[in-house]
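Single-letter residue listing:
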Amino acid sequence: MRSKTVDRLLNSTPKDVEIFVDWYADLVVRINQLLRENDISKKELAEKMDKKPSEISKWLSGEHNFTLRSLAKLSAELGEPLIEVPKRKAQTEFVEDGFRCRVHTFVSYTNLDTKTSGKFWQFPEETEPNNELSNAG
Amino acid sequence: MAASVKDDPTTSNRRLRTRKKFFDTYAVSEHPLEEKALQLFRLITESIGNRHGATDDFFARIVNRAQELPPKPKQRVEEIKDLGINFPLRLFCYRVIENIVILFNGGIKESQATQESKNLSMKFYDAQTFVKKIEEALQSEMIKISDDGRYLQNFDGTTDIIP
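The structure presented is a predicted model; accordingly, all values stated were derived computationally and were not measured. (Residues numbered from 1 in each chain as written. Chains lettered and ligands numbered in written order. Predicted model: local features only at pLDDT ≥ 70, side-chain atom pairs only at ≥ 80, totals over all residues.)

(A) The arrangement of the overall build of chain A in detail. When its secondary structure is counted, chain A shows five helices and two strands. The helix and strand sequence of chain A, counted from the amino end, reads α-α-α-α-α-β-β. Put simply, chain A has 137 residues, and 14% of those count as buried. Across chain A, every contact between residues at least 6 apart in sequence was considered, and the portion connecting residues at least 24 apart equals 52%. (Helix = DSSP H or I, 4+ residues; strand = E, 2+ residues; numbered from the N terminus. Buried ≥ 20, exposed ≤ 12 C-beta atoms within 10 Å, placed from the backbone. Contact = placed C-beta atoms within 7 Å.)

Printed below as a string of structure tokens:
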């Protein structure tokens, strides 16, 4: 049974706070993924994330420039996600009967209520296609 | 992700009962750290609880030891410093497995080292005590991880765990 405190916090957390934290955690996971999978340096990572060369040393030195918060507020106002982090699955590729099969997850975002000035959006539940072949790439 | 603690006349539990719970203390209107507490709540319930799990991205690979939330980022990258390094609150927890994290109490981090922080040192000690008891109970199979790996239960399958 969920506590009253949990219910209260779930209902009272501002949307921009939720987005800010979600992005933060997604970035943590994404950056770790990239560094791990591609064995790349932090400098290379900075370049991949579209940082200008002049910004890189400042970026890596840890000086503050919290643009994430302003982006979260902007996203809350626009009602649309500005960044998206694909969730990596362990089994994304396999070989069967001589074919290399890749499994993809497709996510579509639909704004269900246009009357709310775009301040809220709802993520559709993920569904797996019934037809196994439709997922083979 | 919760620990169920019933009334028990042990010293630890008397101390626990007299302390206000973390989120009831900080995640309240007018408290200067309300937004920070809400950030931490979201990190635990959504990012770790629903989206990613208690992975190594958020937890250090240490056993038998309470850990702090939010976690310190492992990479020194601008965008992922805010919650990890400059965050004023700390909540102690114990990662049993990727799907089960037990939350304890926490407070304001006033100094660099947790043990030197008045507000945190005793709570860290409490958390460590609970971690030790949980580990012992798991090893002796008084409690176990449920078949679906999502919660802890007693050896007989009941879920009210009395320390």
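Still more to cover.
(B) Examining the overall build of chain B more closely. Summing up its helical and strand segments, chain B has four helices and five strands in all. Helices and strands in chain B line up, N terminus first, as α-α-α-β-β-β-α-β-β. Burial analysis of chain B (163 residues in total) assigns 31% to the buried set. The contacts in chain B between residues at least 6 apart in sequence include a share of 49% that link residues at least 24 apart.

(C) Local environment of the pairing of strand β2 (residues 89-97) of chain B. Residue and element names in this part refer to chain B. With eight of nine residues buried, β2 lies mostly within the body of the structure. For strand β1 (residues 67-69) and β2, the ladder comprises three bridges, and the chain directions are antiparallel. Along β2, the bridge assignment pairs Leu-69 with Leu-91. Turn length for the β2-strand β3 (residues 100-108) hairpin, with the two strands adjacent in sequence and antiparallel, is two residues. (Pairing = 2+ DSSP bridges.)

(D) Quick peek at the nonpolar core. Counting 40 residues, the largest nonpolar core has B:Ala37, B:Leu40, B:Leu43, B:Ala66 and B:Cys93 as the members making the most contacts within it. At the level of elements, α2 (15-38) of chain A together with α2 (22-26), α3 (34-52), β2, β3 and α4 (118-139) of chain B are the ones that each hand at least two residues to this core. Sequence-distant contacts of B:Ala66, defined by excluding residues within four places in its chain, comprise B:Phe92, B:Cys93, B:Tyr94, B:Phe104, B:Phe124, B:Ala127, B:Gln128 and B:Val131. (Core = buried A, V, L, I, M, F, W, Y, C linked by C-beta atoms within 7 Å.)

(E) Local environment of the environment of B:Thr129. On the secondary structure map, B:Thr129 appears in helix α4. Taking the C-alpha atoms as reference points, B:Thr129 and B:Arg65, 64 residues apart in sequence, are found 9.3 Å from one another.

(F) Molecular detail of the sheet that holds β1(B). Residues and elements named next belong to chain B. Read from one edge of the open sheet, three strands run β1-β2-β3, paired in antiparallel fashion. Bordering the open sheet on either side are β1 and β3, each of which pairs with just one other strand. Between one strand axis and the next, the sheet turns through 35° on average, direction left out of account. (Axes fitted to C-alpha atoms, helices over the stretch in contact; angles between N-to-C directions.)

(G) Summary view of α4(B). Residues and elements named next belong to chain B. The terminal C-alpha atoms of α4, which comprises 22 residues, lie 33 Å apart, in line with the 32 Å expected from a rise of 1.5 Å per residue. Among all positions in α4, only Leu-120, Lys-123, Phe-124, Asp-126, Ala-127, Phe-130, Val-131 and Ile-134 are buried. Viewed along the axis of α4, the buried residues span an arc of 165°, placing them on a single side of the element. Of the exposed residues in α4, those oriented more than 90 degrees away from the buried face are Lys-118, Glu-136 and Gln-139. Directly after α4, the chain includes Glu-141, whose backbone phi takes a positive value near 65°. (Expected span 1.5 Å × (residues − 1). Arc of directions from axis to C-beta.)

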